[in-house]
Every structure is written in C-alpha cells, then in structure tokens.
Amino acid sequence: MTKVAIVTGGSKGIGAACVSELINQGYLVFNLDITPSNVGQFMSCDMTNLNAVQSCVTHIAKQYGKIDALVSNAGIHLSANIEQTSEQQLDHVFALNVKGAYALVKSALPFMKENGGSIVLISSDQALIGKRNSFAYNMSKAALASMAKTTALDYAQFNIRANAVCPGTIETPLYHNAIDAYCEKSGENKAQIHQEEAALQPLNRLGQPEEVASLVGFLVSDQSKFITGSLQVIDGGYTAQ
C-alpha cells in the first residue's frame with residue numbers, strides 16, 4: 001500500500017529537499033505551500049489559515065485512508081530584537097511557524113491513530129541556543145521543539161512518533177533572504193557576511209538542504225522506530241562549541 005506524506009512549505013529550500021527525499025523513499029507526497037511546485041502533489045495552502053490547513057489534511061486523509069508521515073517545515077524568519085519587533089510581526093511569525101504546525105499536527109492526528117506514523121517538526125539550533133537579533137524566530141523554534149516532545153509523549157500509545165530536527169545555518173532561500181535583510185539594514189557586503197557565516201561553523205561551511213532532508217528521511221523510516229521526543233541537531237557542530 002502506498003505510503004502518504006504531507007510536507008508543508010515544500011516548494012523550496014529544506015521543504016523541497018524533503019519532498020524529493022520522501023518521493024525517493026516511495027511516499028506519495030503532498031506539498032502544502034503558497035508557492036506552486038512541480039515536485040510532489042502540490043496543494044495551495046496558506047499555513048496561517050487554520051481552516052484551510054484542516055481542509056487540506058482532511059481531504060488527503062479521506063482520499064487515501066491514512067497519513068503516514070508529516071513534515072512541518074513552513075516558516076518565516078525575522079531579524080530583529082525584542083524592541084524592534086512589533087506585535088503584528090510577532091503575531092505573524094507565530095501564526096506561520098507555530099500555529100501552522102499546530103493546525104497540521106492537530107488535523108492529522110485523528111487519521112494517524114489507527115496505523116501510527118511519524119511527525120517531524122523542522123525546528124532550529126535556536127531551540128537550544130539564543131542568537132542575536134532573532135527574538136521572535138528563536139522563540140517560535142523553541143516552541144516547535146516543545147511541541148515535538150509533548151506530542152511524542154501524548155501519542156506514543158498510538159505508535160505515533162514525533163521528533164524535531166534542529167538545523168543550524170543551512171543555505172536556503174530563507175537564509176539568503178535573512179542575509180539580504182541584514183545587509184540592507186547594515187550596509188555590509190553580502191559576500192563577506194556569507195564567508196563569515198561559513199567560518200563560524202566548526203566544519204567551516206554551511207549545511208545544505210539535502211543533508212537535512214536525509215535526516216528527515218531517516219526519522220520517518222522504520223530505521224528510527226525507537227526514536228521519539230528527540231531534538232535532532234544538524235548544525236555542523238555549531239551548538240557543541
């Protein structure tokens with residue numbers, strides 16, 4: 001029987017790599033995103049619209065009778081400290097990064113209870129450490145780590161596993177957008193900042209989306225069937241310093 005997976009924000013970056021990884025594992029993969037993509041089964045969905053998320057998940061589950069894997073990846077970055085963060089910006093970051101994940105998982109769980117499955121929340125190394133000018137994003141990613149732990153405990157009885165993947169600095173469109181925004185504010189040179197970011201990593205380079213996707217692929221596979229409630233760090237050694 002075909003395995004069914006849902007990936008949010010699967011049109012680019014880590015999400016797109018996850019879609020490709022799960023397709024290679026034999027999953028029928030649905031990509032919930034606002035940006036169209038030809039990889040996987042694209043479904044237009046604004047992850048800040050909780051009713052829309054529930055509608056998409058329910059449609060998939062009823063059509064195929066199950067959901068085997070969830071990868072909650074959709075997210076947005078905001079470069080700002082607490083004083084620079086407006087209430088509207090804070091609400092927007094949490095609406096997508098946290099409430100979008102909440103809507104996805106809550107909508108899928110009733111359909112996963114019968115057969116079990118794997119939930120992967122794409123968190124961040126910022127679930128373990130603080131970073132400057134990352135007040136709202138850092139807090140939202142810590143919330144996802146907490147969500148993975150509590151969901152793992154609450155639904156282990158149904159053989160549903162939940163884990164958070166905590167990437168460090170990965171070269172994605174989100175990364176480049178963040179660097180662009182910083183350089184626009186500071187007037188610094190992007191190439192120089194890019195080199196400095198790489199030099200901050202013990203492995204002296206940035207991570208790639210495919211490397212994160214490989215970890216996600218492992219966590220949804222039977223090879224990891226005794227792993228749940230964990231925070232899986234993939235950061236080139238950054239948080240080990």
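What this report covers is the structure whose coordinates are included nearby. (Residues numbered from 1 in each chain as written. Predicted model: local features only at pLDDT ≥ 70, side-chain atom pairs only at ≥ 80, totals over all residues. Heavy atoms only, no water.)

1. Quick word on the overall build of the protein
Here's step 1: Of regular secondary structure, the protein possesses 8 helices and 7 strands.
Here's step 2: In terms of overall size, the protein behaves like a compact globule, its C-alpha atoms giving a radius of gyration of 17 Å where 241 residues would be expected to give roughly 18 Å.
Here's step 3: Overall, the protein is about 55 × 35 × 35 Å in size when its C-alpha atoms are taken along their principal axes.
Here's step 4: Counting across all 241 residues of the protein, residues that qualify as buried make up 47%. (Helix = DSSP H or I, 4+ residues; strand = E, 2+ residues; numbered from the N terminus. Rg over C-alpha atoms; globule rule 2.2 N^0.38 Å. Buried < 20%, exposed > 50% of the residue type's maximum accessible area, 1.4 Å probe, protein only.)

2. Considerations on the sheet that holds strand β2 (residues 27–33)
Here's step 1: Read across the open sheet, the 7 strands follow the order β3-β2-β1-β4-β5-β6-β7; overall the sheet is parallel. Looking at which strands have only one partner, the edges of the open sheet turn out to be β3 (41–44) and β7 (231–234). Strand-to-strand twist in this sheet, taken as the mean axis angle between neighbours without regard to direction, amounts to 20°.
Here's step 2: Strand direction decides the pairing type here: strand β5 (residues 117–122) and strand β6 (residues 160–167), joined by 6 bridges, are parallel. Note that in β6 the partner of Ser-118 across the bridge is Arg-161. (Pairing = 2+ DSSP bridges. Axes fitted to C-alpha atoms, helices over the stretch in contact; angles between N-to-C directions.)

3. A look at the packing of aromatic side chains
Two descriptors summarise a pair of aromatic rings, namely the distance from one centre to the other and the angle between the planes of the rings.
Here's step 1: Summed over the entire model, instances satisfying the criterion amount to 2 aromatic pairs.
Here's step 2: The interplanar angle of 55° and the centroid separation of 5.6 Å between the aromatic rings of Phe-30 and Tyr-64 together place this pair among those described as tilted. On the criterion of sequence distance, the pair formed by Phe-30 in strand β2 and Tyr-64 in helix α2 (residues 50–64) is long-range, its members being 34 residues apart.
Here's step 3: Given the relative accessible area of 34%, Tyr-64 is considered partly exposed.
Here's step 4: Residues Tyr-155 and Phe-158 carry aromatic rings whose centres are separated by 6.0 Å and whose planes lie at 35° to one another, so their mutual orientation is tilted. (Phe/Tyr/Trp six-rings, centres within 6.5 Å; stacked < 30°, edge-to-face > 60°.)

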